[in-house]
Amino acid sequence: MEAASTHKPAYDRLAELKSFDETKAGVKGLADAGITHLPRIFHAPPHLLDNISPSAAHHPNSIFPIIDLEGASQDPAKRNAIVNKLSEASANWGFFQIVNHGIPLTTLDEMKSGVRRFHEQDAEQRRQFYTRNFSREIVAEYSAEVVKLGDLLFELLSEALGLRSNYLKDLDCGRGIQMVCHYYPACPQPELTLGATKHADNDFITVLLQDHIGGLQVLHQGKWIDVPPLPEALVINIGDFLQLISNDKFISVEHRVLANSRGPRVSVACLFGTYLFPNPRKYGPIEELLSAENPAKYRETTTAEYVCCGNDKGLDGSSTLLQFKL
Ligand SMILES: O=C(O)CCC(=O)C(=O)O
Ligand SMILES: [Fe+2]
């Protein structure tokens, strides 16, 4: 008997990954083929599947924060109340939804259906990025709206940190967005995998548009809490860079997306970060927030160095922030 044969893996994962890659049709290709069993390469390790049953989300504290931005730019008393809510949600949840954010419902709906149509055209067309079916106009319109909304959010977040309104904008936090359009096909065995494994975002803030399917969950006080889908709302979360410069006043919280068999899910994440263009600026804890009782917790870094460090580490579930702790 050959000793080597006892070390043979249960299946050749690398070969299966390679052949999946070669289809170039992605997970959508599997859904199109009508698979009824999830291939082993997509089975998540058990430690990532903790509490994926929906009941886990019905926690007494699952009142996910919703902030109404109506009047934020016109009414000082309303603005003050909004800033307080924003401060509380950013410090305790790192996540909240906003309504009356100024982006028309039709723009949100067109953006979602554009992403859906793009992914649902046949595989050959999909290989050519941005075809006729995904109108460039809606992408341009939606990004312009999100950048404008970002201006308001960074003003309010500056005020929530007790800083002058333009503080975060002057640090270029609102300068660039990266747009990621997700399509999660319906999954035949959602109990074996995840749409997106738990992670925190490498950016200042993320503006997320999700459709009606649901599945996004946030780790809040050790429990996974659902982010309820609301057609008129946008989900905002604090990313690692804002946690770093706010010296942990605001928190970048882990989140994940459950797989589900109810239907395909579409979401659009706009990440405000500055790593897509050359930016030599070093970001560290904001001096105005520091004191003898609250010394800097992190060393300075550039956004590019931070993202590189996170990529080197891989998606192992640990926080990149820890590597920058003083
Ligand atoms: O699809 C979602 O709801 C979340 C996506 C996400 O977390 C991300 O793009 O960073
Ligand atoms: Fe994320």
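- Under an unreviewed UniProt entry, the name given to the protein chain is Fe2OG dioxygenase domain-containing protein, and the organism recorded is Linum tenue.
- Its UniProt record, at the heading Sequence similarities (unreviewed entry), says of the protein chain: "Belongs to the iron/ascorbate-dependent oxidoreductase family."

Thoughts on the coordination of the iron ion (ligand 2)
Here's step 1: Of the protein atoms, only H199 (NE2), D201 (OD) and H255 (NE2) coordinate the iron ion (ligand 2), at distances of 2.1 to 2.3 Å.
Here's step 2: Donor residues binding the iron ion (ligand 2) come from one chain and are separated in sequence as H-x1-D-x53-H. Residue D201 is found in the loop between β4 (194-199) and β5 (205-210), and its partner H255 is found in strand β9 (residues 255-258); the two are separated by 54 residues along the sequence.
Here's step 3: Residue class for D201 comes out buried when judged on its relative accessible area of 8%.

Focus: the packing of helix α3 (residues 76-92) against helix α6 (residues 136-160)
Here's step 1: Two numbers describe how α3 lies on α6: the axes approach to 9 Å, and their chain directions differ by 80°. Put simply, α3 runs roughly perpendicular to α6. Together, R79, I82, V83, L86, S87 and S90 of α3 and L152, E155, L156, L157, E159 and A160 of α6 make up the contact between the two elements.

Conventions adopted
- Residues numbered from 1 in each chain as written.
- Chains lettered and ligands numbered in written order.
- Predicted model: local features only at pLDDT ≥ 70, side-chain atom pairs only at ≥ 80, totals over all residues.
- Heavy atoms only, no water.
- UniProt positions renumbered as here; feature names shortened; annotations may be inferred.
- Donors = N, O, S within 2.8 Å, 3.2 Å for Na, K, Ca; no water.
- Helix = DSSP H or I, 4+ residues; strand = E, 2+ residues; numbered from the N terminus.
- Buried < 20%, exposed > 50% of the residue type's maximum accessible area, 1.4 Å probe, protein only.
- Axes fitted to C-alpha atoms, helices over the stretch in contact; angles between N-to-C directions.
- Parallel < 35°, antiparallel > 145°, perpendicular 65-115°, else oblique.
- Contact = heavy atoms within 4.5 Å.

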